Amino acid sequence: MNFYFRTNYNPEIGIGHYMRCSRLANFFEKKGHRCLIFVDKINNNFFLKNTKTISLYKSKENYKSELTDSMIFINKIIKLKKGYVIIDDYRIGYSWEKKINNYCKKIISIDDFEKRKHYTDIYINQKTKFLLEEYFDKSIFLKKKPLLLLGPNYSIIDKSINRRKSGEFTIIINFGGSGDIKHYFGILREIEKNKIDKLKFILVIGPLSKNVNLVKKLKEIKNVKILKNQINLNMIYSKAHIFIGSAGTSVYETINNKLLSVIFQVSDNQSNTIKSLEKIGHYFFLENDDLKNKKKGFPIIN
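These lines cover the structure that appears in this document, whether it is placed above or below. All figures in this text were calculated on a predicted structure; none of them were measured in a lab. (Residues numbered from 1 in each chain as written. Predicted model: local features only at pLDDT ≥ 70, side-chain atom pairs only at ≥ 80, totals over all residues. Heavy atoms only, no water.)

## Some details on the sheet that holds strand β6 (residues 122-125)
In step 1: Here 7 strands make up an open sheet; going across it, the order is β3-β2-β1-β4-β5-β6-β7 and the pairing parallel. Only two strands of the sheet have a single neighbouring strand rather than two, namely β3 (53-55) and β7 (147-150). Along the sheet, successive strands turn relative to each other by an average axial angle of 20 degrees, direction set aside.
In step 2: In terms of strand pairing, strand β1 (residues 2-7) meets strand β4 (residues 84-88) through 5 bridges, oriented parallel. If you follow R6 over to β4, its bridge partner there is I87.
In step 3: Docked against the sheet, helix α2 (residues 66-77) engages β1, β2 (34-39), β3 and β4, running at close to 155 degrees with respect to β1. (Pairing = 2+ DSSP bridges. Helix = DSSP H or I, 4+ residues; strand = E, 2+ residues; numbered from the N terminus. Axes fitted to C-alpha atoms, helices over the stretch in contact; angles between N-to-C directions. Contact = heavy atoms within 4.5 Å.)

What follows is the structure, encoded as structure tokens:
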């Protein structure tokens, strides 16, 4: 079978969408299927090496609209064997999906929001809230009776289990592929003020991170190890005792490793309810504004 992905990555949205598609593509390729990932433009990033990624736009061209993008995408796949189209891109909704419907076998839509309209055959939303709420507003679907895959059981992560190694008490900090380094710096400075000894810090720095000029200052802080351009975060998380970071895919990766976490909602798509997060073992869920109030943010450390 053939699988054609439409996704994207950049400093604004990070690399989470692309990495979800890449994990699925790697899984399908191991089963002998052909996978192509279509993005706006290709940059020479480390995370593009495992699967075949194709640019839809030339260097001076940019995404303009769903209609224009759908036509460009159709012109790419119409020359190929008919396959399944998987979409993980907030810019794309029912208009794009309906346009390409006759050019593929089925449409699979991955979303983190709940009210965006879709014209899809399979809908995936990993929100933990679906552990508590059975109701879902099906009026967002303009194609009848799509298959709904809802809740954290459908999170697209590496679910292999790794034994946590004993040793120094380790805190991992990760604010995603395009996270702001100033958050790392502020958190470490706050912990340092409390003069807590015998702590080891592992800082995961994403390839599209902001304020990278602060990395040099981070290296000056005692017991800090910096990891850049990491793909297998599951292995890294397995070595830690506490996680601090954004409430993106790490919500599911850390709970897979039963890792005590302090997570922050740093974007709208990371919204969740504390009750649903508690159902999977997350008890410290804070707002973006709480990053300015570090004492509130770290009750388990202070």
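## Description of the pattern of salt bridges
In step 1: The tally for this structure, following the rule as stated, stands at 11 salt bridges.
In step 2: Residue R23 is joined to E253 by a salt bridge in which the shortest nitrogen-to-oxygen separation is 3.3 Å. Of this pair, R23 sits in helix α1 (residues 16-30) while E253 sits in helix α7 (residues 250-256), placing them 230 residues apart in sequence.
In step 3: Taking the relative accessible area as the measure of exposure, R23 reaches 22% and is therefore partly exposed.
In step 4: Each of R6, D40, D69, D89 and R91 takes part in salt bridges that share partners, so that together they form one network. (Salt bridge = Lys/Arg side-chain N within 4 Å of Asp/Glu carboxyl O. Buried < 20%, exposed > 50% of the residue type's maximum accessible area, 1.4 Å probe, protein only.)

## Looking at the nonpolar core
In step 1: If you look at the biggest cluster of nonpolar residues, it comprises 25 residues, and the most contacted ones within it are I173, Y184, L188, F201, L203, L218 and I244.
In step 2: Per element, the largest residue contribution to this core is 6 residues, and it comes from helix α4 (residues 181-193).
In step 3: Excluding its chain neighbours within four sequence positions, the residues that come into contact with L188 are I173, F201, L203, L218, I221 and V224.
In step 4: In this structure, F3, I15, C21 and L208 belong to the second largest nonpolar core, which totals 22 residues. (Core = buried A, V, L, I, M, F, W, Y, C linked by side-chain atoms within 4.5 Å.)

## As for the packing of aromatic side chains
In step 1: Overall, the coordinates contain 14 aromatic pairs when judged by the stated rule.
In step 2: Ring plane angle 55 degrees and centroid distance 5.6 Å describe the contact between F130 and F136, whose orientation is recorded as tilted. Assigned by exposure class, F130 and F136 land together as buried.
In step 3: Clustering of aromatic rings is evident, with ring pairs tying together F3, F27, F28 and Y84.
In step 4: The positively charged end of R91 is found above the aromatic ring belonging to Y63, 4.1 Å away from the centroid. (Phe/Tyr/Trp six-rings, centres within 6.5 Å; stacked < 30°, edge-to-face > 60°. Lys NZ or Arg CZ within 6 Å of the ring centre and 35° of its normal.)

## As for the environment of Q230
In step 1: Mapped onto the elements, Q230 comes out in the loop between β10 (224-228) and α6 (233-237).
In step 2: When its relative accessible area of 31% is taken as the criterion, Q230 is described as partly exposed.
In step 3: Along the sequence, Q230 and I205 sit 25 residues apart, while their C-alpha atoms lie 8.2 Å from each other.

## Considering α2
In step 1: The end-to-end C-alpha separation of α2 is 16 Å, in line with the 16 Å expected for 12 residues at 1.5 Å each.
In step 2: For α2, the full list of buried residues reads D69, S70, F73, I74 and I77. Buried residues in α2, looked at end-on, bunch into an arc of 135 degrees, giving them a common side.
In step 3: Elements that come into contact with the buried residues of α2 comprise β1, β2, β4 and α3 (94-100). (Expected span 1.5 Å × (residues − 1). Arc of directions from axis to C-beta.)

## Remarks on the layout of surface pockets
In step 1: Within this model, the largest pocket holds a volume of roughly 1,100 Å³.
In step 2: As for the largest pocket, its lining consists of 50 residues, of which F175, G176, G177, S246 and Q270 are closest to the centre.
In step 3: Per element, the largest residue contribution to the lining of the largest pocket is 5 residues, and it comes from α1.
In step 4: Residue classes in the lining of the largest pocket are distributed as 16 nonpolar, 22 polar and 12 charged. (1 Å grid on protein atoms, 1.4 Å probe; cavity = no way out; pocket = protein on both sides within 12 Å on 5 of 7 lines; lining within 4 Å. Points joined across faces, edges and corners; volume = space filled by probe spheres on them. Nonpolar A, V, L, I, M, F, W, Y, C, P; charged D, E, K, R; others polar.)

## Things to note about the sheet that holds strand β12 (residues 260-265)
In step 1: Read across the open sheet, the 6 strands follow the order β10-β9-β8-β11-β12-β13; overall the sheet is parallel. Across the chains shown, the open sheet's two edge strands, defined by having one partner strand only, are β10 and β13 (284-287). Mean inter-strand twist for the sheet, computed between neighbouring axes without regard to direction, equals 15 degrees.
In step 2: Bridging between strand β9 (residues 199-205) and β10 involves 5 bridges; their strand directions are parallel. Bridging across to β10, I202 finds its partner in K225.

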